[in-house]
Amino acid sequence: MPDAMPFPDATPARSPPEWRRRWTMWRNRVLGSRTFQHWAARLPVFATVSRHRAARAFDLVAGFCYSQVLMGAVQTGLLDLLAKGPCDADAIARSTGLSRDAATRLARAAAALDLAEEVAPGCWMLGQQGAALQSNAGALAMVRHHTLLYADLADPIALLRKDRSEPTALSTFWHYATEAEGETATRYSHLMATSQEMVAREAMAAYPFDRHRRLLDLGGGHGAFIKALAPACPALELGIFDLPPVLSGAASLPARVALHPGDFFATPFPQGYDCMTLVRILHDHDDDRCMQILRSAREALPPGGRLVIAEPMAGVRGARAMGDAYFGLYLWAMNSGRPRTASEYAAMAREAGFTRSQSLRTAMPVITSVIVCSY
Ligand SMILES: CC(C)=CCC/C(C)=C/CC/C(C)=C/C=C/C(C)=C/C=C/C=C(C)/C=C/C=C(C)/C=C/C=C(C)/C=C/CC(C)(C)O
Ligand SMILES: C[S@@+](CC[C@H](N)C(=O)[O-])C[C@H]1O[C@@H](n2cnc3c(N)ncnc32)[C@H](O)[C@@H]1O
């Protein structure tokens, strides 16, 4: 395991230096000037940047349409159909239940977004983005689940103004999912398990879990992470801590997995594990509850034990929109939690009694970042 480093100090909020304020005001005035935009689009070098900026601005405006094209392609089964081979509009119409015109409109829209590709006139196959997504069951499950998020986002101002105790489509789903037993709990755990595969792959590539003797996955659901870990770490004894109704639905787990039914906020974490994992847990919770979870983990871990936090984080270079724009609004709509930066987690872990933490590099920070804490 790489050497741990002391926590960096959390940066307090402050005003920008005067030069920065002036420069930003001036730059934004220039960029917003219609005259500047007109000439920049016609000057060499500037023209390339201008076109790129204009396309990005258009993407911001039209992003919802793009998302709904993807939703349509997933819900109608278009991506699955095109994965089997070339299809014309009649075949797409038959398979999706759309009219021929509507099927053509959807196929063309999908092709414009690289989800499909027109390989001959009027004949489509999967496009490059379509190929990457169609084979990714976790991403597709999330796309389908977005109907709830989009319902809440239909009026973003109302969503941002409302009290966070008022229910939303998304918060109702998550509430019933964690409080209820039966079908909803199973649907929720299934969604989590399906999308877990990509997170597990990234976390396991970033951190050598086999250096430990006993590992407890906190909030491990039906055990998707543990099942991914088990074959790679045959000597590791494993445990899952989760709410009783969730754990009662866990099935087909290896014999060496111990189940610990409990509540993060009411049950002390079991002792005797030298590694604990929090995979996509902390961002679900507000700061006070997050601190409770971190403190409980610190109390239960022995000195030298490791707490591994894996989840998509804010402020990641190259994936900033995923953090504050996507998860910021997703978790707002969920009525609980927020995306945090690695430095924020390091500071919180320090407050919980961990003396060291380190961010580990992952190949796909859009899927997850990883932080390891110890004391
Ligand atoms: C060979 C050719 C043609 C070219 C070579 C060029 C080349 C190298 C191309 C690269 C091709 C390639 C390897 C592409 C890979 C693409 C991948 C891996 C795409 C992955 C996409 C993943 C996506 C879109 C994941 C989306 C995940 C989402 C939306 C997750 C949401 C999670 C949520 C909401 C979690 C909720 C949990 C809660 C409640 C917050 O706790
Ligand atoms: C977002 S899911 C993550 C599941 C899994 N770690 C993954 O990444 O797929 C959150 C998990 O935390 C569990 N959970 C939520 N509140 C909890 C609580 N108060 N005590 C214990 N587990 C809880 C849920 O049941 C669920 O399995």
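Worth saying up front: this structure is predicted, and the values here are computed from it rather than measured.

K.L.:
In this structure, what is going on with the UniProt feature "active site" (unreviewed entry) in the protein chain? I would like to understand it.
P.N.:
What UniProt calls "active site" (unreviewed entry) maps, in this numbering, to H283. If you trace the backbone, H283 turns up in the loop between β8 (275-279) and α14 (287-300). A relative accessible area of 5% means that H283 is categorised as buried. Excluding residues that lie within four positions of it along the chain, H283 makes contacts with E311, P312, F327, L331, S336, G337, R338, R340 and Y345. At 3.2 Å, the side chain of H283 and the side chain of D284 are in polar contact.

K.L.:
Looking at this structure, I do not really get a nonpolar patch on the surface. What am I missing?
P.N.:
Judged by side-chain polarity, L31, F36, W39, L43, V45 and F46 come together as a nonpolar surface patch covering roughly 590 Å² of accessible area. Relative to the assigned elements, L31 resides in helix α1 (residues 18-32). Residue classification places L31 among the partly exposed residues on the basis of a relative accessible area of 38%.

K.L.:
Can you help me understand the domain arrangement of the protein chain in this one?
P.N.:
By a widely used convention, the size of an interface equals the accessible area lost when the partners come together. Taken domain by domain, the protein chain holds domain 1 (34-135) and domain 2 (196-374). Computed over C-alpha atoms only, the centres of domain 1 and domain 2 are separated by 36 Å.

K.L.:
Just checking my understanding: could you explain the UniProt feature "domain: O-methyltransferase dimerisation" (unreviewed entry) in the protein chain for this structure?
P.N.:
As annotated in UniProt, the feature "domain: O-methyltransferase dimerisation" (unreviewed entry) corresponds to residues 59-117 in the numbering used here. For residues 59-117, the end-to-end C-alpha separation is 20 Å, with 76% helix and 7% strand making up the annotated structure.

K.L.:
Mind showing me how you'd approach the sheet that holds strand β2 (residues 87-88) here?
P.N.:
By definition, the strands of a sheet pair up through backbone hydrogen bonds, in either a parallel or an antiparallel sense. If you trace the three strands from one edge of the open sheet to the other, you get β2-β4-β3, paired in antiparallel fashion. Edge positions in the sheet fall to β2 and β3 (116-120), since each of these pairs with one other strand and no more. Of the strand pairs in this sheet, β3 and strand β4 (residues 123-126) are connected by four bridges, and their pairing is antiparallel. Bridge pairing in β4 places A116 opposite L126.

K.L.:
Even after reading the chapter, I still don't get the site of ligand 2, so can you show me in this structure?
P.N.:
Around ligand 2, a shell composed of 16 residues is seen, among which Y188, Q196, D242, F264 and V279 lie nearest. A distance of 2.9 Å separates a nitrogen atom of ligand 2 from a polar atom in the backbone of G219. A distance of 2.8 Å separates a nitrogen atom of ligand 2 from a polar atom in the backbone of F264. A total of 590 Å² of accessible area belongs to ligand 2 in isolation, and the protein chains cover 93% of it. At three residues, the largest contribution of residues to the shell around ligand 2 is made by helix α11 (residues 183-206).

K.L.:
Got a minute to help me understand the packing of helix α3 (residues 46-75) against helix α6 (residues 100-112) in this structure?
P.N.:
A packed helix pair is summarised by two numbers, namely the angle formed by the two axes and the spacing between the axes. Where α3 meets α6, the axes come as close as 10 Å, and the angle between the chain directions of the two elements is 120°. Classified by the angle between their axes, α3 and α6 sit oblique to one another. Note on packing geometry: the crossing formed by α3 with α6 is left-handed. Mapping the contact onto sequence places V69, G72 and A73 in α3 and L106, A109 and A110 in α6. Grouping the amino acids of the contact of α3 with α6 by side-chain chemistry returns five nonpolar, one polar and no charged.

K.L.:
Even after reading the chapter, I still don't get the packing of aromatic side chains, so can you show me in this structure?
P.N.:
Aromatic ring pairs are described here by two measures, namely the spacing of the ring centres and the angle between the planes. Across all of its chains, the model carries 13 aromatic pairs by this definition. Taken together, a centroid distance of 5.8 Å and an interplanar angle of 75° make the contact between F64 and Y150 edge-to-face. With F64 in helix α3 and Y150 in helix α8 (residues 137-153), the pair connects residues that are 86 residues apart, well separated along the chain. Ring plane angle 75° and centroid distance 5.7 Å describe the contact between F209 and F225, whose orientation is recorded as edge-to-face.

K.L.:
Would you mind showing me how to read the site of ligand 1 here?
P.N.:
As a matter of local geometry, ligand 1 sits amid 19 residues, with W174, H283, D284, Y326 and Y330 nearest to it. Bound to the protein, ligand 1 loses 52% of the 1,100 Å² it would expose on its own. When residues of the shell around ligand 1 are traced back to their parent elements, those giving at least two are α7 (128-134), α8, α11 and α15 (320-333). At four residues, the largest contribution of residues to the shell around ligand 1 is made by α15. Per-class residue counts for the shell around ligand 1 are 14 nonpolar, three polar and two charged.

Conventions and cut-offs
- Residues numbered from 1 in each chain as written.
- Chains lettered and ligands numbered in written order.
- Predicted model: local features only at pLDDT ≥ 70, side-chain atom pairs only at ≥ 80, totals over all residues.
- Heavy atoms only, no water.
- UniProt positions renumbered as here; feature names shortened; annotations may be inferred.
- Helix = DSSP H or I, 4+ residues; strand = E, 2+ residues; numbered from the N terminus.
- Buried < 20%, exposed > 50% of the residue type's maximum accessible area, 1.4 Å probe, protein only.
- Contact = heavy atoms within 4.5 Å.
- Polar contact = N/O pair within 3.5 Å; in protein donor to acceptor, adjacent residues only side chain to side chain.
- Patch = residues over 30% accessible without salt bridge, like charges linked within 9 Å, V, L, I, M, F, W, Y side chains within 5 Å.
- Areas by Shrake-Rupley, 256 points an atom, 1.4 Å probe, with all protein chains shown as cover.
- Salt bridge = Lys/Arg side-chain N within 4 Å of Asp/Glu carboxyl O.
- Domains from an automatic or database assignment.
- Pairing = 2+ DSSP bridges.
- Near = heavy atom within 4 Å.
- Axes fitted to C-alpha atoms, helices over the stretch in contact; angles between N-to-C directions.
- Parallel < 35°, antiparallel > 145°, perpendicular 65-115°, else oblique.
- Left-handed = near helix turned anticlockwise from the far one by under 90°.
- Nonpolar A, V, L, I, M, F, W, Y, C, P; charged D, E, K, R; others polar.
- Phe/Tyr/Trp six-rings, centres within 6.5 Å; stacked < 30°, edge-to-face > 60°.

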